[in-house]
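What follows is the residue order along each chain.
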Amino acid sequence: SMSCIFCKIVAGEIPADILYQDDDVMCFRDVAPQAPTHLLVIPKKHIGSIVELEQSDTEIAGKILVTATKMAVQDGVSESGYRVAMNCGDEGGQTVGHIHMHVLGGRQMGWPPG
Ligand code: AMP
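Conventions and cut-offs
Residues numbered from 1 in each chain as written. Predicted model: local features only at pLDDT ≥ 70, side-chain atom pairs only at ≥ 80, totals over all residues. Heavy atoms only, no water. Helix = DSSP H or I, 4+ residues; strand = E, 2+ residues; numbered from the N terminus. Expected span 1.5 Å × (residues − 1). Contact = heavy atoms within 4.5 Å. Near = heavy atom within 4 Å. Polar contact = N/O pair within 3.5 Å; in protein donor to acceptor, adjacent residues only side chain to side chain. Areas by Shrake-Rupley, 256 points an atom, 1.4 Å probe, with all protein chains shown as cover. Phe/Tyr/Trp six-rings, centres within 6.5 Å; stacked < 30°, edge-to-face > 60°. Buried < 20%, exposed > 50% of the residue type's maximum accessible area, 1.4 Å probe, protein only. Pairing = 2+ DSSP bridges. Salt bridge = Lys/Arg side-chain N within 4 Å of Asp/Glu carboxyl O.

### A look at helix α2 (residues 58–74)
Step number 1: Compared with the 24 Å implied by 1.5 Å per residue over 17 residues, the 24 Å span of α2 between its first and last C-alpha is a close match.
Step number 2: Taken together, the buried residues of α2 touch β1 (18–21), β2 (25–29), β3 (37–43), β4 (82–85) and β5 (101–105).
Step number 3: One or two positions beyond α2, positive phi appears at G76, with a value near 85 degrees.

Structure below.
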């Protein structure tokens, strides 16, 4: 989508601290980190929200999670522990309308999240 900020990162039109990408997914650091490690894993394809996921997205949805695991290992939080999160819709706290999985670590997480 032309107006989507994460599509613009995928297209190289705005900068990001990109840690990994392949044909399907990209991982970059969150611009406003909420923990020492705060990464975002996104599909390169525009999908607005997890509520829009369809059966045909099963592979990309799984790849997002597996990539998050690889990135947590790479960023050094896998042994201490970390959290993945996907916010959906207004009350879910979603602010960017392109699917993203947060990878948060490097500090003690609380539960429930706010
Ligand atoms: P959410 O609130 O779950 O939709 O998360 C959106 C996340 O994207 C927030 O944590 C923002 O800090 C982050 N974010 C917004 N714009 C950018 C950007 N240009 N580069 C990196 N992260 C961003």
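### Structural notes on the site of the ligand
Step number 1: By nearness alone, 17 residues border the ligand, and D30, N87, T95, H100 and H102 come closest of all.
Step number 2: In the environment of the ligand, an oxygen atom lies 2.6 Å from a nitrogen or oxygen atom belonging to the backbone of T95.
Step number 3: Take H102: an N or O atom from its side chain is 2.8 Å from an oxygen atom of the ligand.
Step number 4: If the ligand stood free it would expose 500 Å²; the protein chains cover 83% of that surface.
Step number 5: Elements with a minimum of two residues in the shell around the ligand: α1 (5–10), β2 and β3.

### Considering the packing of aromatic side chains
Step number 1: Following the criterion strictly, the structure yields 1 aromatic pair and no others.
Step number 2: For the pair F6 and F28, a centre-to-centre distance of 5.3 Å together with 75 degrees between the ring planes defines the contact as edge-to-face. You can see F6 sitting in helix α1 and its partner F28 sitting in strand β2, a full 22 residues away along the chain. You'll find F6 and F28 in the same group, each marked buried.

### Details of the pairing of β3
Step number 1: Among the 7 residues of β3, 7 are classified as buried, and the element is accordingly described as predominantly covered.
Step number 2: Every second residue of β3 is oriented toward a common face, with T37, L39, V41 and P43 on one face and H38, L40 and I42 on the other, all of them buried.
Step number 3: Two elements, β2 and β3, share 5 bridges in a ladder whose sense is antiparallel. Directly across from M26, in β3, lies its bridge partner I42.
Step number 4: Looking at chain direction, β3 and β5 are connected through 5 bridges and run antiparallel.

### Here we look at the pattern of salt bridges
Step number 1: All told, the structure shown has 5 salt bridges when counted by the stated rule.
Step number 2: Put simply, R29 and D17 hold a salt bridge, and the shortest N to O gap is 3.6 Å. Taken together, the residues span a long stretch of sequence, with R29 in strand β2 and D17 in the loop between α1 and β1 at a distance of 12 residues.
Step number 3: Take R29: its relative accessible area is 29%, and that puts it in the partly exposed class.
Step number 4: Here the salt bridges share partners, and the residues they tie into one network are D17, R29 and D75.

These results come straight from atomic positions and should not be treated as a statement about function.
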